[in-house]
Amino acid sequence: MKLKVFRYHEGMSAPHYDTFSLEEEPSMTVLRALFQFQEQFDDSLAFQYSCRGSVCGACAMLINKVPRLACRTQVASLLKGEQQIALSPYPALEEKVGWDPSQEVLVEPLPHFPVVKDLIVDRNAFFKSYKFMEPVIKPESIPPKENLMDPSDLPDLELYTNCILCAACYGACPVDGENKDYLGPAALAKLYRFHIDPRDADNRRLEKADINNGWWACDFHGNCRQVCPKGVPPIMAIGQAQAELMEKKEKSEDKK
Amino acid sequence: MDIKPLEKEKIPYSELEELEKECPSQEKEKKNGISSLDDEKEIISKNILSNIHQYDVIIIGGGLTGLRAALQVSDAQLKVAIISKVHPLRSHSVAAQGGMNASLANVPGENETVDNWKIHAYDTVKGSDYLADQDAVEIMCREAPSTVIELEHMGTAWSRLENGKIAQRPFGGAGFPRTCYAADRTGHNALHTLYEQVISRDIPIYEDFFVTSLVTENEYCVGCTALEILTGKIHGFLASAVLMATGGFGRLFNSSTNALINTGDGQSLALNAGVSLKDMEFVQFHPTTLYGTNILITEGARGEGGILINKNGERFMGNYAPNSLDLAPRDVVARAIDTEIAEGRGFKGGYVHLDLRHLGEELIKERLPGIRQISIDFAGVDPINEPIPIQPGQHYSMGGIDADKDGKTSLKGFYAAGECACISVHGANRLGGNSLLETVVFGRMVGDAIIEEISKGSCKEQNNLETVQKAITEIDSKLKIILSRNTSENQFKIKESLNNTMSSKFGIFRDRVVMEKGILEIEEIKKKLSQIKIDNKKLALNQAIIRFLELEYLVQLAETVAFAAMKREESRGSHTRTDYPSRDDKKFLKHTITSLQNKKISVSYKPVVLGMFKPQERVY
Ligand SMILES: Cc1cc2nc3c(=O)[nH]c(=O)nc-3n(C[C@H](O)[C@H](O)[C@H](O)COP(=O)(O)OP(=O)(O)OC[C@H]3O[C@@H](n4cnc5c(N)ncnc54)[C@H](O)[C@@H]3O)c2cc1C
Ligand code: SF4
Ligand code: FES
């Protein structure tokens, strides 16, 4: 049972990998394994964490060549060959390093972001896209009590409000890898979340991403939906937004 | 100086690429061949100044409390910044599941009775075992309905009733279905909502900044210092008011439902700045947390019919609570499980089983999907086929920074709110659903109090750079000394023994003899702190040093918990003394105050604010 970890810090000529034999613990997650590494092997290992319960989104990284939350991924089941996800390929998934999946868990930083140190990446680009979407409710007016909402509207909305902004999808999206300006799955899903919120009065939400690097840049690989730890389907939002925009355009063409 | 941290401004996307990734505070001096001594001096002072940031209000903590307060202060046109050791969305608030209490009365009680804030206040005071300050409780419960509605207006996706109103569910210790919820992700939904509002106002956030000290001058809090984790640089912040909103200290114990970052930094920082802590002995334990990771398994699992079973296959709750069985109040169930384990009827490692199998696949999938997922992900157990291994775990810190209902502390210019504070709405025992409420209500109210103080001009104008420069230098050399040590103690082992001491000696059951041992152990641990060696000698992105500083904070809090628990010779709420099994209002209907005097913890007391409700025996 071993952990093979990507190591890099500023000033280093090239990254390398450290391998560490894990002491078995009951239901050990990759996050626990990283702590073991930090506590017993090298206290300079850097990685992000907070909740350890797959709700805060801090610990997304590339584990056995799949973007996942370290705190939600069981070491034993990886070694047993479970939890495999077949992703549409992209350069970051290519084997750059040999590893034996039956003995070792391979942990690398989330792709498509600059590496700051070891497993810590700079997620600024991700949050810039998020902010670009103006992710805040824009109500028409504010009623004295709560807005009434049909409970049957909620399941669709919750599909998108469940996003924890972990950026796993961004690291899994082949288009984000190629095109740094692509807004990315999570930001688009966030925009869609406000579009379908019955309380939101901005009826030009979708137009915000009606640009080359927005809705239309998606190639429908579907990796986003596959890796999302919260079952959010950005690809569905993108497909629906494209269809709605096309319909809108057709209608306005007709009017002309 | 008006420095905004990096990229918090709204930037048109097309321009994003051009913007370099750097914090203005990290601006590199342009070297242009300066030679004269004067110029050099100027450069040096400029360099220092680039580390110092000035605001009207500094908020430490980006959880629900901090974000809500920031909105209030920003809307009053004051210059405010948030400092947080993690991205605000990674704050512990995000993990809250069950909900937020408010007497909206959207769901009628038994026999069509109607809820109101006074009944909410009564439940809260009774739940607190009469140790809550009733003036603060009144504010919280009165403000609750408008607070939940305010979040709704800001965009929170609350769960709904058929009639479209916000849904409410019953919760322990409440006379009405009063808990508003957003599925089992209430904290997540509320935190994302407030973050969205903060972002839309462009409020600067210094994220990954770890606060290292409060800066005081003439008995006035003038700001704080913080370690920029990424670069290892120490920054100074000057403000007319500083609000502490750093959350709880669950990681003092070895089994806790709290996020790993909940290390009580704010309480310890306050203590070191001469501010007292209140009621630190009151620590809430939740009966059902997942064995191993101690992730919360909500009460709902037992509400749906789940039962607790010991190693011998016995349903043991009948021996402890013959009527309410597995659904007895939290403290009762936690004590029962702990007793089973202590008497050898738990499984190896110290846990019992929560069995849901008899509920059937359909019900589990429909009503407890989150619990099923957690069990599968974190214990490798599918509750449809196997019982869930559970054990009690630390859950909430009722005690904290001694603050009044305006969040004011004994230090002028320094405020506290949220779980790090003890405004004293929970007393000796918090009711589920009341702490999310507390964060948002008091985030706003304390924000208002700060605005008022500043507008009255009673806050000191902060222009003394020297004091903060001195504080920066102090921290800088402290950290360098720590890194230069070539001693041999391992901080992770020390943390483990601290956790073991706290859980075994100051856990669910307490008594003098055991606690005396515990206090000696804490003293030993404290001595070892200065012998800890950190191998990583670089200050930039050094998690070992962050963890060391957190450990220092925790050890200090351990002492306050220990002394406060030792001196309270009664059982009240979460504080159970086997040697003093009953409540003693004559002697102990009062708050415990712990403070630092000559580097030693001293304990004193302060009256409880009564009023609406007279103390009675607490029976359910
Ligand atoms: C599993 C779980 C479930 C819960 N469910 C419920 C529920 O259903 N209902 C309910 O009412 N309550 C619930 N609670 C309690 C509730 O979630 C917390 O009390 C509340 O969220 C605390 O919020 P806060 O804003 O005070 O602090 P937090 O959300 O903990 O935020 C603290 C902030 O301070 C920052 N910080 C800390 N130290 C430093 C430092 N040194 N320097 C810089 N920044 C720092 C952190 O980065 C963070 O941003 C639950 C608690 C747990 C553990
Ligand atoms: S959509 Fe899923 S994978 Fe993407 S950021 Fe949100 S939670 Fe993470
Ligand atoms: S640590 Fe929070 S999601 Fe993994």
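Owing to the predicted nature of the structure, the values given are computational and were not obtained by experimental measurement.

Cut-offs applied
Residues numbered from 1 in each chain as written. Chains lettered and ligands numbered in written order. Predicted model: local features only at pLDDT ≥ 70, side-chain atom pairs only at ≥ 80, totals over all residues. Heavy atoms only, no water. Core = buried A, V, L, I, M, F, W, Y, C linked by side-chain atoms within 4.5 Å. Buried < 20%, exposed > 50% of the residue type's maximum accessible area, 1.4 Å probe, protein only. Helix = DSSP H or I, 4+ residues; strand = E, 2+ residues; numbered from the N terminus. Contact = heavy atoms within 4.5 Å. Near = heavy atom within 4 Å. Polar contact = N/O pair within 3.5 Å; in protein donor to acceptor, adjacent residues only side chain to side chain. Areas by Shrake-Rupley, 256 points an atom, 1.4 Å probe, with all protein chains shown as cover. Phe/Tyr/Trp six-rings, centres within 6.5 Å; stacked < 30°, edge-to-face > 60°. Pairing = 2+ DSSP bridges. Axes fitted to C-alpha atoms, helices over the stretch in contact; angles between N-to-C directions. Domains from an automatic or database assignment. Buried area = accessible area lost by both parts, 1.4 Å probe. Salt bridge = Lys/Arg side-chain N within 4 Å of Asp/Glu carboxyl O. Nonpolar A, V, L, I, M, F, W, Y, C, P; charged D, E, K, R; others polar.

Looking at the nonpolar core
Counting residues in hydrophobic clusters, the biggest one holds 225 residues, and the most contacted among them are Leu34 and Trp215 of chain A together with Ile58, Leu214, Leu252 and Phe414 of chain B. Counting residues per element, this core draws most heavily on helix H16 (residues 543-567) of chain B, at 15 residues. Other than its neighbours up to four places away in sequence, leucine 34 of chain A contacts Leu3, Val5, Leu45, Phe47, Met61, Ala70, Val107 and Leu119 of chain A. In this structure, Ile295, Leu308, Ile337 and Leu356 of chain B belong to the second largest nonpolar core, which totals 26 residues.

What about the site of ligand 1?
Residue and element names in this part refer to chain B. Ser91, Ser93, Glu419, Ser435 and Leu436 are the nearest of the 37 residues found near ligand 1. Contact distances for ligand 1 include 2.8 Å between an oxygen atom and a backbone N or O atom of glycine 62. For ligand 1, an oxygen atom lies 2.7 Å from a polar atom in the backbone of glycine 98. The fraction of the free accessible surface of ligand 1 (1000 Å²) that becomes covered by protein chains is 98%. Taken together, the elements giving at least two residues each to the shell around ligand 1 come down to helix H3 (64-75), strand E2 (80-84), strand E7 (209-217), strand E14 (388-397) and helix H12 (434-456).

A short note on the packing of aromatic side chains
Residue and element names in this part refer to chain A. In total, this model carries 24 aromatic pairs over all chains according to the counting rule given. Ring geometry for phenylalanine 126 and tyrosine 170: centres 5.8 Å apart, planes at 90°, overall edge-to-face. Highlighted residues: phenylalanine 126 in helix H3 (residues 124-132) and tyrosine 170 in helix H5 (residues 168-172), separated in sequence by 44 residues. Owing to a relative accessible area of 3%, tyrosine 170 belongs among the buried residues under this scheme.

Thoughts on the sheet that holds strand E11 (residues 283-290) of chain B
Residue and element names in this part refer to chain B. Read across the open sheet, the 4 strands follow the order E11-E14-E13-E12; overall the sheet is antiparallel. Edge positions in the sheet fall to E11 and strand E12 (307-309), since each has one partner strand and no second. In this sheet, adjacent strand axes meet at a mean angle of 45° when their direction is disregarded. Along the sheet, helix H9 (residues 330-342) contacts E11, E12, strand E13 (352-355) and E14; its crossing angle with E11, the most-contacted strand, is approximately 65°.

Let's talk about the domain arrangement of chain B
Where interface size is given, it is often the accessible area lost as the parts come together that is meant. Residue and element names in this part refer to chain B. Segmenting chain B into domains produces domain 1 (95-191), domain 2 (285-394) and domain 3 (476-596). Just the C-alpha atoms count here: the centres of domain 2 and domain 3 sit 29 Å apart. Facing 7 residues of domain 2, the contacting portion of domain 3 comprises 6 residues. For the domain 2 and domain 3 pair, buried surface summed over both sides reaches about 550 Å², with 71% attributable to carbon and sulfur atoms. By the criterion of area lost to domain 3, the three top residues of domain 2 are Phe285, Arg335 and Asp338, representing 80% of everything that side buries.

Examining the interface of chain B and chain A
Counting from both sides, the interface comprises 65 residues of chain B and, opposite them, 67 residues of chain A. Carbon and sulfur atoms supply 52% of the area buried between chain B and chain A, which totals about 5500 Å² over both sides. Here chain B is connected to chain A by 3 salt bridges. Where chain B packs against chain A, one counts 32 residue pairs in polar contact (both at pLDDT 80 or more). Breaking the side of chain B that touches chain A down by element, the ones donating at least two residues are helix H1 (13-16), helix H5 (134-154), helix H6 (186-200), helix H11 (369-379) and H16 of chain B. A per-class count over the side of chain B that touches chain A returns 26 nonpolar, 22 polar and 17 charged.

Brief notes about the pairing of strand E1 (residues 2-7) of chain A
Residues and elements named next belong to chain A. Of all 6 residues that make up E1, 5 are buried, and the element is covered over most of its length. Taken together, the 4 bridges between E1 and strand E5 (residues 104-108) define a ladder with parallel strand orientation. Bridge pairing in E5 places lysine 2 opposite glutamate 104. In this sheet, strand E2 (residues 16-21) lies alongside E1 in antiparallel orientation, the contact comprising 6 bridges.

Let's talk about the domain arrangement of chain A
Residue and element names in this part refer to chain A. Looking at the assigned domains, one finds that chain A contains domain 1 (2-120) and domain 2 (124-255). For domain 1 versus domain 2, the distance between C-alpha centres works out to 29 Å. Taking both partners together, domain 1 and domain 2 bury about 1400 Å²; carbon and sulfur atoms supply 62% of that area. When the buried surface of domain 1 facing domain 2 is broken down by residue, Ser88, His112 and Phe113 rank first, second and third, together holding 34% of it. There are 0 salt bridges connecting domain 1 and domain 2. No other element matches strand E4 (residues 66-69), which puts 3 residues into the side of domain 1 that touches domain 2. Of the residues contributing to the side of domain 1 that touches domain 2, the split by class is 14 nonpolar, 4 polar and 1 charged.

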